[in-house]
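Single-letter residue listing:
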Amino acid sequence: MRVVHLALVPFLLMGGMARAQDFLSCQLAPGWTQSEAVHPYTADNLYDYKDGGAEGYLIYGFAGMKSLNCKSGENTLTIDVSEMNDADSAYGLFATNRDPRVPIAKIGMGGQVQAQSASYAKGKYYVEIVLNAADPNSDHAAELTALVNKMAQRMEGRVTPPEALAWFPTEDLSSTGVVPQSVLGLKELKRGYVAKYKQGQAFIVAEETPASAAAVMKVLRQKYDGASDAKVGDEAFQAKAPYLDGICIFRKGRTLGGYANLPTAPEAAAQAVKLAARIP
Amino acid sequence: MLPVVGAGSSLGILNLSAQTPAGNTGSPLKLSYKTLGKTGLKVTSVGMGCMITSDPSVVTRAADLGITYFDTARGYQHGNNERMVGAALGSKRKQVVLSTKTEARDKAGMAKELDTSLSELKTDFVDVWYLHGKSNPSEVHDDMIEALQLAKQQGKARFVGISTHSNQQTLIPWMVQKGVFDVVLSAFNFSMDPAVEQAIDAAAKTGMGVVAMKVMAGGARNQKPGQTLLSALKWVTNHPSVATTIPSMTDMAQLDENVQAMGSTLTAEDHRVLATHLKMIEAEYCRMCGKCEGSCAQGLPVADVLRYVTYADGYGEFALGRERFLQMASEHVSAHCENCPECTVQCPFGVQVQKRMKRAQELFA
């Protein structure tokens, strides 16, 4: 029932994932053995595996996945290694799936380990591990921590989160992430980075050139009646916007940034000044 | 609790320009409503799939515009999506039909997931609770059905169902026969096997509510919004057996575009657009309907081979295609379609089977 699409970006599944044998092995977890052949998935047949959840991968630039099943007694372990188009996308998928109540551990670019699951991103890879234990209350965090550290050591790729995430002011910061499409729910802000705060949110979108960024600014400003100039970056406006409350959007070179969901536009502008100062 | 509308399909009028976040000067919006089978729930013919929505403002605005069906799942973004949807709907929760899904495979696990879903969605009940992503009756165990029924008895789920992406022609009739499912959430679009449509029609006639997803899938999957996608959406919203649909939306522009499909009749131009798209894909791309199975004179697994050649031609994955091809039985790997004077395989969708099989043999054998 699947119809394939030529418009999808060709990917490097076999080239990139050919090295997967180095880190995709049940033997990295003492006492575990491989229970079946590694299953490869592509953008076309990911629906066969992540039925109902495939879109969540595809929107982040999914290139391919290899899935490994291991067993130890009655316990089973599923290790899914997804290769994304770039490291920022891998981190983005990790960030959107992570449990916000659990701190991010230093595993690759970032990871989380819980009693029966683990995830992390390193380079273009996003790794998910689920341990199905006969005892649903058993805690395997130490075992999973050892496994993901071994896997991460064998993987190539970046070990730092996207650079832009460090530009967000840290006061009252709740979480950061990568939005693959339509930042703030606005199609003009195609792909970028978002920081959630106790109150409001900030964003950063990198355009190709200052001119293209300026063009986006022009379109955005026209959306909001009553928008007024703000003194941030190279150009900026502030407004009271439906659903986004007090907003301020600025351009600094080819980078767009701003704040939204603050009580008033001037408050958004004041925060935007701080963000703009941190953008190189 | 829900929008007050008349029985069956009906229209409501909302001024989109007054609601737009971006100062659009759109014309008054026609909201069309249908009844979700015997559940009696009134739903807009276009609902909202929240799976890939990242900004809650899009969900909130969809509710403000009058969309009344919102779909999420426990597994989306590992639970983060439910939390976002719950926060975005806020006080509007009881004005909409809210569905979620569980991937748990036993009674206790399902009960635990439902409680978590209710907590994250900030609600005491969901309107529809689905088993997530089933393709075969064998995947649905008795204790899972018991968990669904228990949730209804406890008032945690008003109605229950199954979401399915494949093998609907087998699963949906089985659901009807079981008599315990109120709703089916099925991949369904203009490019599908007629057997799926027959199964959906039959289910709807028994009163099962039908929610369509992947309405822009098949030949239009992964395309950016445009005429083909709008026509595809109109095709399904105009389908008499479908109550609502849940296209994914990530921004206000998509929301506006999809909402405009409500109340729009399928025009001759829409038919032309969809037919053109089908024509474009039909000669090469297998839809995995399985009807070619057993029809090759040389006994070749035709659908599999077509899939392998698609890996190479469609995605540039020559190595993967070749790997799969060479894993076939040796007599299949060494077979040559050119030895047959005439191909015995007739694809109901017009795929040029012999040409594609030869292509696979040239590439991989």
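Residues numbered from 1 in each chain as written. Chains lettered and ligands numbered in written order. Predicted model: local features only at pLDDT ≥ 70, side-chain atom pairs only at ≥ 80, totals over all residues.

### Describing the sheet that holds strand S11 (residues 244–245) of chain B
All names here are of chain B. Basically, it comes down to this: Strands are treated as partners if at least two bridges between them are detected by DSSP. Strands here are runs of E lasting at least two residues and helices are runs of H or I lasting at least four, both read from the DSSP assignment and numbered beginning at the N terminus. Contact between two residues is assigned whenever their backbone-derived C-beta positions fall within 7 Å. Convention adopted: a line fitted to C-alpha atoms gives each axis, helices being fitted over their contacting stretch, and angles between N-to-C directions are expressed from 0 to 180 degrees.
If you walk across this open sheet you meet the 8 strands as S4-S5-S6-S7-S8-S9-S10-S11, and the pairing is parallel. Of all strands in the sheet, those with a lone pairing partner are strand S4 (48–49) and S11, marking the two edges. Here strand S9 (residues 183–187) runs beside strand S10 (residues 209–213); their pairing, made up of 5 bridges, is parallel. Residue alanine 187 lies in a different strand from S10, and its bridge partner there is methionine 213. Sheet contacts for helix H5 (residues 142–153): strand S7 (126–131) and strand S8 (157–164); angle to S8, the most-contacted strand, approximately 150°. Along the sheet, helix H6 (residues 168–178) makes contact with S8 and S9, crossing S9 at roughly 175°.

### Considering unusual backbone geometry
Residues and elements named next belong to chain B. Short version of the rule: Residues are called buried when their C-beta atom has 20 or more other C-beta atoms within 10 Å, exposed when it has 12 or fewer, and partly exposed otherwise; all C-beta atoms are positioned from the backbone.
The phi torsion at histidine 78 lies on the positive side, around 50°, for a residue other than glycine. Relative to the elements of secondary structure, histidine 78 occurs in the loop between strand S5 (69–71) and helix H3 (80–89). The phi dihedral of lysine 122 is positive, around 55°, even though this residue is not glycine. Here lysine 122 lies in the loop between helix H4 (107–121) and S7. Overall, the presence of 15 C-beta atoms within 10 Å leaves lysine 122 in the partly exposed class.

### Let's talk about the sheet that holds strand S12 (residues 235–241) of chain A
Sheets are built from strands paired through backbone hydrogen bonds, the pairs being either parallel or antiparallel. Residue and element names in this part refer to chain A. Ordered by their spatial adjacency, 7 strands build an open sheet running S8-S9-S10-S14-S13-S12-S11, and the pairing between neighbours is antiparallel. Here the strands that pair on one side only, and so sit at the sheet edges, are strand S8 (173–179) and strand S11 (228–229). In the packing of helix H8 (residues 265–278) onto the sheet, the strands contacted are strand S10 (201–206), S12, strand S13 (245–252) and strand S14 (255–262), and the crossing angle to S13 comes to about 30°.

### Some words on the domain arrangement of chain A
Residues and elements named next belong to chain A. As a reminder of what qualifies: A domain assignment, automatic or from a database, supplies the domain bounds used here. For this classification, Asp, Glu, Lys and Arg are treated as charged, while Ala, Val, Leu, Ile, Met, Phe, Trp, Tyr, Cys and Pro are nonpolar and the rest, including Gly, are polar.
Considered domain by domain, chain A is made up of domain 1 (13–154) and domain 2 (163–278). For domain 1 and domain 2, the distance between their C-alpha centroids amounts to 33 Å. At the interface, 10 residues of domain 1 touch 6 residues of domain 2. Residue composition of the side of domain 1 that touches domain 2, by class: 5 nonpolar, 4 polar and 1 charged.

### Re the packing of helix H2 (residues 56–65) of chain B against helix H9 (residues 252–260) of chain B
Axes are the key here: two packed helices are described by the angle between their axes and the distance separating the axes. Residue and element names in this part refer to chain B. Here is the rule we go by: Any angle that is under 35 degrees is reported as roughly parallel, and any over 145 degrees as roughly antiparallel; angles of 65 to 115 degrees are reported as roughly perpendicular and all others as oblique. The handedness criterion is simple: a crossing whose near helix is rotated anticlockwise from the far helix by less than a right angle is left-handed, and one whose near helix is rotated clockwise is right-handed.
At a minimum axis separation of 10 Å, H2 and H9 run at an interaxial angle of 30°. Considering their axes alone, H2 and H9 lie roughly parallel with respect to each other. For the element pair H2 and H9, the recorded crossing hand is right-handed. On the side of H2, the interface is formed by Val58, Arg61, Ala62 and Leu65, while H9 contributes Met252, Leu255 and Val259. Partitioned by chemical class, the residues of the contact of H2 with H9 number 6 nonpolar, no polar and 1 charged.

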